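What follows is each chain in one-letter form.
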Amino acid sequence: MICASCGTPLTSTDMLVGKNKLADGGYLCIGCFNKAVSINPNLINTLDQFYFAEITGIFLKHKIEESQHPGTSQYLGENTYEYNAPTRLDQIKDQIVALNARLSVLANEEVNALDTVLDQDEKLLAIAECIYLQNKREGIVFATPRRVVFIDKKILGGVVRNEFPLHEIISIEHNESLLYSILKINIKGASAEFKLHNKTDGRGFCNVANGNIQYPERSQNQQPERIQAFHQSIPNLAEENVFNTGKESSEAVFEQLEKLGRLKENGILTEEEFAEQKKKLLDKL
């Protein structure tokens, strides 16, 4: 099991803290737990009521305040912290917190890859944890003033990404059910569907499509009917056919099985949950 904040493996000493569990099932190591409590002492008894994204927001807010007021006190316990200017990834995580996104610890790897996917001046307008129904991959989907993108961090390195430029999108639909919702991206002659884990997350995407956010005119520079993979060169980037509706390849299934195995080893999945998800993946072969 790893720390939800810094990603370091948790030791038996970390687990003895007893109060370092988050609302979404993740844990903080002793260093991150002490850091959180030093910022907000009330967290020592209420940490289990906070999600990972909320704790990240607390850390970022404190980091920004420290950079703006370098003369203020800092935590100086067993572990010391130096607060430099926020990194690009810090800024992105701050945007996620501002959107009130409820991302679980399972999306940490995809979130940490966003600084290699987003342009320097590109801002998040909506984000959600999801399953891309065309290829059954689990990852995150997000919208910016330029595009809607799905990414999945591969276990062996690299990022699988499918992109939908906003000027090619005709409409975005969002249908809520009792436990989840379906986000549908409609392009001329085709569509892509995502099953969102949190049923209300699709509303932000619909706001983007309905013109509540300004973006370039769709009428300019008409693009081909079929969505093309993003061509900018990014290290370890894997591109996929956006509209692949066949069964998953054995390689994709084995990658998901490896991911499940790692989640079980880290204590995130129980034996029963692992067996259930493993069966579903094997059925796709």
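Above this text is the structure in question.
Residues numbered from 1 in each chain as written. Predicted model: local features only at pLDDT ≥ 70, side-chain atom pairs only at ≥ 80, totals over all residues. Heavy atoms only, no water.

Student: Explain the overall build of the protein here, please?
Tutor: Looking only at helices and strands, the protein has ten helices and eight strands in total. Contacts in the protein between residues at least 24 apart in sequence constitute 53% of all its contacts with a sequence separation of at least 6. Accessible surface computed for the protein: about 15,000 Å², of which carbon and sulfur atoms make up 50%. (Helix = DSSP H or I, 4+ residues; strand = E, 2+ residues; numbered from the N terminus. Contact = heavy atoms within 4.5 Å. Areas by Shrake-Rupley, 256 points an atom, 1.4 Å probe, with all protein chains shown as cover.)

Student: What is the right way to read the pairing of strand β4 (residues 159-165) from this model?
Tutor: Looking along a regular strand, one sees side chains alternate from face to face of the sheet. Within β4, seven of the seven residues are buried, which leaves the element mostly enclosed by the surrounding structure. Because side chains alternate across β4, one face comprises the buried residues Val 159, Arg 161, Glu 163 and Pro 165, and the other comprises Val 160, Asn 162 and Phe 164, equally buried. The pairing of strand β3 (residues 147-153) with β4 spans seven bridges and is classified as antiparallel. Residue pairing across strands places Ile 151 opposite Arg 161, the latter belonging to β4. (Buried < 20%, exposed > 50% of the residue type's maximum accessible area, 1.4 Å probe, protein only. Pairing = 2+ DSSP bridges.)

Student: Which parts of the structure should I look at to understand the packing of aromatic side chains?
Tutor: Any pair of aromatic rings gets described here by the distance separating the centres and the angle formed by the planes. Per the counting criterion, the structure on display carries four aromatic pairs. For the ring pair Tyr 132 and Phe 150, a centre distance of 5.2 Å and an interplane angle of 45 degrees mean the geometry is tilted. Placement of the pair is Tyr 132 in strand β1 (residues 126-132) and Phe 150 in strand β3, with a sequence separation of 18 residues. What makes Tyr 132 buried here is its relative accessible area of 0%. A ring pair is formed by Tyr 132 and Phe 194, whose centres lie 4.7 Å apart and whose planes are at 20 degrees; its orientation type is stacked. Taken as a pair, Tyr 132 in strand β1 and Phe 194 in strand β7 (residues 190-196) lie far apart in primary sequence, 62 residues in all. When its relative accessible area of 0% is taken as the criterion, Phe 194 is described as buried. Note that Lys 35 overlies the ring of Phe 59, its terminal NZ or CZ placed 4.5 Å from the centroid. Just above the ring of Tyr 180 sits the side chain of Lys 195; from NZ or CZ to the centre is 4.3 Å. (Phe/Tyr/Trp six-rings, centres within 6.5 Å; stacked < 30°, edge-to-face > 60°. Lys NZ or Arg CZ within 6 Å of the ring centre and 35° of its normal.)

Student: Would you take a moment to explain unusual backbone geometry for this structure?
Tutor: The phi torsion of most residues other than glycine is negative, and most of the peptide bonds are trans. Of note, Asn 100 is a non-glycine position whose phi angle comes to about 60 degrees, a positive value. Of note, Asn 100 is situated in the loop between α5 (88-98) and α6 (108-112). The phi angle at Lys 136 is positive, at roughly 60 degrees, despite the residue not being glycine. Along the chain, the position of Lys 136 falls in the loop between β1 and β2 (137-143).

Student: Would you explain the nonpolar core in this entry?
Tutor: Nonpolar side chains tend to gather and get buried jointly when the protein is soluble and globular. Counting 22 residues, the largest nonpolar core has Val 141, Val 148, Phe 164, Ile 172, Ile 185, Phe 194 and Phe 205 as the members making the most contacts within it. Elements with a minimum of two residues in this core: β1, β2, β3, β5 (169-176), β6 (181-187), β7 and α8 (202-209). In terms of residue count, the dominant contributor to this core is β1 (four residues). What Phe 205 contacts, discounting residues up to four positions off in sequence, is Ala 126, Ile 127, Ala 128, Val 141, Phe 142, Ala 143, Val 148, Ile 172 and Leu 183. (Core = buried A, V, L, I, M, F, W, Y, C linked by side-chain atoms within 4.5 Å.)

Student: Help me understand the environment of Arg 203 in this model?
Tutor: Here Arg 203 shows up in helix α8. Classification of Arg 203 by relative accessible area gives partly exposed; the value is 46%. Through-space distance from the C-alpha of Arg 203 to that of Ile 172 is 9.7 Å; in sequence the pair is 31 residues apart. Setting aside its immediate chain neighbours within four residues, Arg 203 contacts His 174 and Glu 176.

Student: I'm lost on empty space enclosed by the protein in this one. Help?
Tutor: Remark: the empty space left among the atoms is shown by a probe the size of a water molecule rolled over them. Tallied over the entire structure, the rule returns three cavities of 30 Å³ or more. In this model, the largest cavity occupies a volume close to 80 Å³. Forming the boundary of the largest cavity are Phe 52, Ala 53, Thr 56, Lys 93, Ile 96, Val 97, Leu 103, Ser 104, Asn 108 and Val 111. Counting residues per element, the ones that place at least two in the lining of the largest cavity are α4 (52-68), α5 and α6. Residues belonging to the lining of the largest cavity are distributed by class as follows: six nonpolar, three polar and one charged. (1 Å grid on protein atoms, 1.4 Å probe; cavity = no way out; pocket = protein on both sides within 12 Å on 5 of 7 lines; lining within 4 Å. Points joined across faces, edges and corners; volume = space filled by probe spheres on them. Nonpolar A, V, L, I, M, F, W, Y, C, P; charged D, E, K, R; others polar.)

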